[in-house]
Amino acid sequence: MVLLSVENLPETELRYIAQQENVENWDSLSRDELVEILESIGELDFSDNEKAGVPSNHRFVKGITDVGSDFLQLPGVEPLPTMYNETAVHLVPRDNYWAYSFFSISISDEAKLQENPAELVLRLCSSKASYEINITPQDECWNVELPWPEETYCLKLIARRNEEDEVLAVSNKITLNHTEILNKPEALDDPDTFKLLVPELTNKNGKLMDNILLREIIEKAMGAQK
Amino acid sequence: MKSRLNFVFNTHLPFVRHPEYPKFLEEDWLFEAINESYLPILRMLYKFRGSKSKVKLTFSLSPALCEMLEDSLLKERFEQYILSRIELGEQEIKRLQGHEELRLAEMYLENIRANYAFFTEDCNRSIPSAFNILEKEGFIELITTCATHAYLPVYQQYPVAVNAQIETGIMNHTNRFDKSPDGFWVPECGFYPGLDEYLRRHNVNWISLGAQALVLGDKIPEKGNYAPVKTPSGLYCFARDYYMTSLVWSQDGYPSDPLYRDFYRDIGYDLPLDYVRPYIHEPEVRVFTGFKYYAVTGKTADKVLYNPDLARTRTEEHAKNFIYNLKSRTSVVYDIIKENPVFTLSFDTELFGHWWYEGVQWLEDIISLCISDDSLEMISPSDYIKENHCIQTMMPGFSSWGEHGYSEVWVDSSSNAWLCRHTLKAVERMQEIAQRFPDQSSLKKRFLNQAARETLLLMSSDWPCIIHNHSSEGYAKNRIVSHIQNLNLVYEEVSKNAVNTEWLIKAEKRNKIFADIDYNVFNSNHLEQTSPVFTNDFSVK
C-alpha cells in the first residue's frame, strides 16, 4: 500500500523506527519530538548506509516514486494558472457553521480598480442579516462563518468607494437545512427518544461521535433539562 | 424479535493506470487490495454457494475500480505481482527453516496460492464477474456509485456534473452486469438535501448515509437509525449505526487487539535490501510485501511473533461480542419501535483482509452465527423495501462519514481547498463546451469524450482526501493537476475549432476509462431531458 508519512504513523511505530535508526533517547521522546527527528532523517541520503550493509527504514519517506512535478503531463498542456481571468466569487459549504469561499478579479476589473481605487469587501448575506469582511487585493480565499442556522446564504464581492458600493460579483447560494431536533432539543427528555437517537451515535465508551452540530444539540438538551 | 443486519461494503480505489511505465508503485494499491481483500472475501463467500444459507450482503463496486479490474494491462500486472509474491513466499520458506516464523510464511504462501488459483480458475480473471455470480445466486446485492467516486456536496452548485457522475456510474454498472442497480453508494456518504432528486431520476431506490444524517434531518426520525426513512422524492435512506460499526472501525476497535497481526512490521522494511530488491520498487523504494510476522502486541516497539491460533480464537470472541452487542441493542430498541430493528453496517471493503488481516475470518464468523441463530437475519436494503413497511418521510441533513461528519476532509483550507478553484472551473468549462458543441462526431467527438473522462477523473474524492491525509500527496497533486490541465487543453483547442491529436492519442491510451462515455452527459439540455422525477408511490409524474 502507500508509504505513510511520519505523522500518520502510530507512536509505537515511531518509537520502533527511532530505535532502528539509533535515535538517542528513542524511548523517552515525545511523539512530536519523534516526528521531527524522523522527518529530518527521512530527508537524508541513505545510500552510504546501504553500501555499508546497514539497513535503513524508508518506510516513512514522504515522496513515494522518484518523479518530478511534471511526470504526468501530456504534450501541449499549459501549467495551471494561479487565477482565472474572471471576476467571480464562490461559496463551498464545509459544514453547518463554515463555508470556504474563493474569489478572483479579472484583469480588466483590476485595471479599473487601479484607476479608481476602492476598498474590497466580502458581504455575507442571508434573509436574516449580513456581515462584512474587509479583504485586500492580495486575498484569494476566505473561510466564512455561517452564523444563522437554517438560512440561505450568498456572498457578494464589493468595491466600496466613499461609502458607495459596487457589486462586482455574487456567489452561488447555499442553504443550511432545517434540523428539527435543534429546534426541539427537549425531545430528548423523553427516555424512549433518547434511547433511540443517542446511543447509536456514541461509541462503546459512551463518547458522542465527533460532530459539532450533534454536540450543540446535546448541550442544548442538557441545558434545557437544567 | 430479530436483529436484522444490513451490511453494505463500499469497494473502491482511485483509477491508477500507467502504461507508460513498466512498473508503477501506486498500481500496488490495486494489487494489494485484490490479493489481501477482494479474493479472500470472494473465496470466503464462495464457501456458502450450494447451501441454502440465508446470506445477504450488499457490495458497491465502483465503476473506476471495475474498469481497473477488467483492464487487460492491469490484470497482467496483477498476475506478475502475485507470482512474485509466490516466489517470495518460496524464498521465505527456504530462509526460515528452523525458525518460528516458518509456519507464518507457509500460511501466507498457501493463501497467495489459493488466491491465484481462485483468480485464474473460479474468477476466470474477472473479479466483477465473480461478484456477479454471487448476486445471481442471491448471496449478495450489487450496487454502484459515482463514476469516479466524486464527493458530491462540493459540486452541488453544478447539478449537471452531479448528474454526469451518477448517470455514468449507473450506465457503467448496467452495461457490465446487465442489470441496473437498485441502490447507490453515495461516495463518502456525502449527502445534501436535493441530491435525492438526481438519484431518483435514475431509478435509484435507496442509499446508505452517515450515522448522523437522519438525526440532523428536517424531522426527528421516529425509529432512529433502526429503520430507513424516505425523502419526498421517494428515495429510501439507511443511516449507518455508529455504535456497532465503531466496535469494528475505530481507534480501539477489534483490529487494534494485541493478538491480531500488525500491519506495519513487514519484511519489505525489515530484511536486507539485497534480499527484498526483486520485490520492491525502483529506485529501491521499500514497500509492503504482505509478509508480516508480528502481532499488534500493544504500545511497545517490542512486537511479539504473530500466533494465528490465538488470533483465530480472538476473532471468534469478537464475532460473538459483536452479536452480543447487537442483541442487547435490539432488545432495547424493539420495545420502543415495536418492530425488528435494521442495523446498517457500512464499511470500506478493504478494511477486511488488507487493513485488518483477520477481518475476513471475522466476517465469516458473523455470517455463520447469523445462519445458525433464528434471532439474527441478514438483509439487503432492497429486500427490506419490498416488505412494504410504513416509512417516515423526511429529508436527511447535510452530512458525510468523513472526519467531523461534513466536508472538512475535501475542503480543508490547510491542505486541499485551493483545488476547489480549479476543479469547479474545470467542471464549468466541461459543461460549457458540452453545451457549445453538442452532438459532435468523429475526431471532435473523441476529443470531447476524452475531456469528459478527464473531468470525471479530476472529480474523484480520492485526490483531495489523500492530500488531506498527507499520504501520497505528491502523486495525488500531480494526478488532479494533470486532469485539470488536460481539460483546459481541450477547452482552449476546441474553442479554436482545433483538435490536438498528439495529446488525444496519448490521453486516450493513458486515461483509458469508460469506453462508452458520451460527453453530452455534461450538457445541461441533457439533464433536462433525463427521466422524470418519481413520486412517493413510485408512479411516474
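Residues numbered from 1 in each chain as written. Chains lettered and ligands numbered in written order. Predicted model: local features only at pLDDT ≥ 70, side-chain atom pairs only at ≥ 80, totals over all residues. Heavy atoms only, no water.

## As for the overall build of chain B
Okay, so step 1: Regarding its fold elements, chain B presents 19 helices and nine strands.
Okay, so step 2: Scaling as 2.2 N^0.38, a compact globule of 541 residues should have a C-alpha radius of gyration of about 24 Å, and chain B matches this with 24 Å.
Okay, so step 3: Its C-alpha atoms give chain B principal-axis dimensions of roughly 70 × 65 × 45 Å.
Okay, so step 4: Here chain B holds 541 residues, and 67% of them are scored as buried. (Helix = DSSP H or I, 4+ residues; strand = E, 2+ residues; numbered from the N terminus. Rg over C-alpha atoms; globule rule 2.2 N^0.38 Å. Buried < 20%, exposed > 50% of the residue type's maximum accessible area, 1.4 Å probe, protein only.)

## Things to note about the sheet that holds strand β1 (residues 88-93) of chain A
Sheets are built from strands that pair by backbone hydrogen bonding, the pairs being arranged parallel or antiparallel.
Okay, so step 1: In space, the three strands of this open sheet follow the order β1-β2-β5 (chain A), with antiparallel pairing throughout. Where the open sheet ends on each side, the last strands, each with one partner, are β1 and β5 (141-145) of chain A. Averaged over neighbouring strand pairs, the angle between their axes works out to 25 degrees when direction is ignored.
Okay, so step 2: Strand direction decides the pairing type here: β1(A) and strand β2 (residues 98-104) of chain A, joined by six bridges, are antiparallel. Bridged to A:L91 within β2(A) is A:S101.
Okay, so step 3: Packing against the sheet, helix α14 (residues 418-436) of chain B makes contact with β1 and β2 of chain A, and its axis sits at approximately 70 degrees to β2(A). (Pairing = 2+ DSSP bridges. Axes fitted to C-alpha atoms, helices over the stretch in contact; angles between N-to-C directions. Contact = heavy atoms within 4.5 Å.)

## Digging into the nonpolar core
Okay, so step 1: If you look at the biggest cluster of nonpolar residues, it comprises 202 residues, and the most contacted ones within it are B:F7, B:L57, B:I207, B:F322 and B:W362.
Okay, so step 2: In this view, B:F7 contacts B:L57, B:T58, B:F322, B:L345, B:F347, B:L363, B:I366, B:M378 and B:I379; residues no more than four positions away in its chain are not counted.
Okay, so step 3: Residues A:V89, A:L122, A:L124 and A:L168 belong to the second largest nonpolar core, which totals 22 residues. (Core = buried A, V, L, I, M, F, W, Y, C linked by side-chain atoms within 4.5 Å.)

## Some remarks on the side chain of B:R429
Okay, so step 1: Looking at the element boundaries, B:R429 is found in helix α14.
Okay, so step 2: Despite being buried, B:R429 has no salt bridge partner; B:E492 is the closest side chain of opposite charge, sitting 4.2 Å away.
Okay, so step 3: The contact partners of B:R429, leaving out residues within four places of it in the chain, are A:Y84, B:L487, B:N488, B:Y491 and B:E492. (Lys, Arg positive; Asp, Glu negative; His and termini not counted. Salt bridge = Lys/Arg side-chain N within 4 Å of Asp/Glu carboxyl O.)

## Notes on the packing of aromatic side chains
Residue and element names in this part refer to chain B.
Okay, so step 1: Per the stated rule, a full pass over the model turns up 41 aromatic pairs over all chains.
Okay, so step 2: Seen in terms of ring centroids, W29 and Y475 are 6.0 Å apart; in terms of plane orientation they differ by 85 degrees. Their pairing is edge-to-face. Taken together, the residues span a long stretch of sequence, with W29 in helix α1 (residues 28-46) and Y475 in helix α17 (residues 473-495) at a distance of 446 residues. Accessibility classification places W29 together with Y475 in one group, the buried group. (Phe/Tyr/Trp six-rings, centres within 6.5 Å; stacked < 30°, edge-to-face > 60°.)

## Observations concerning α1(B)
Okay, so step 1: Helix length check: α1(B) (19 residues) gives 25 Å between terminal C-alpha atoms against 27 Å at 1.5 Å per residue, within 8%.
Okay, so step 2: The largest bend in α1(B) amounts to roughly 45 degrees and is located at B:I34. (Expected span 1.5 Å × (residues − 1). Bend = angle between axes of the 7 residues up to and from the residue.)

## Brief notes about the interface of chain A and chain B
Okay, so step 1: In this complex, chain A contributes 81 residues to the contact, which on the side of chain B involves 93 residues.
Okay, so step 2: Summing both sides of the interface, chain A and chain B together bury roughly 7600 Å²; the carbon and sulfur share of this comes to 62%.
Okay, so step 3: Across the chain A-chain B interface, the total number found is one salt bridge.
Okay, so step 4: For the pair chain A and chain B, the interface holds 20 residue pairs in polar contact (both at pLDDT 80 or more).
Okay, so step 5: Sorting the residues of the side of chain A that touches chain B by element identifies α1 (11-20), β1, β2, α5 (180-183), α6 (191-197) and α7 (212-225) of chain A as the ones contributing at least two each.
Okay, so step 6: Looking at the side of chain A that touches chain B, its residues break down into 37 nonpolar, 25 polar and 19 charged. (Buried area = accessible area lost by both parts, 1.4 Å probe. Polar contact = N/O pair within 3.5 Å; in protein donor to acceptor, adjacent residues only side chain to side chain. Nonpolar A, V, L, I, M, F, W, Y, C, P; charged D, E, K, R; others polar.)

## Side note on the pattern of salt bridges
All names here are of chain B.
Okay, so step 1: Going through the model one piece at a time under the given rule, you end up with 40 salt bridges over all chains.
Okay, so step 2: Here D71 ties to R17 by a salt bridge, and the two come within 2.8 Å at their closest N and O atoms. You can see D71 sitting in the loop between α2 (63-69) and α3 (72-95) and its partner R17 sitting in the loop between β1 (3-11) and α1, a full 54 residues away along the chain. Across the pair, exposure class does not vary: D71 and R17 are buried alike.

That's the geometry; what it means functionally is another story.
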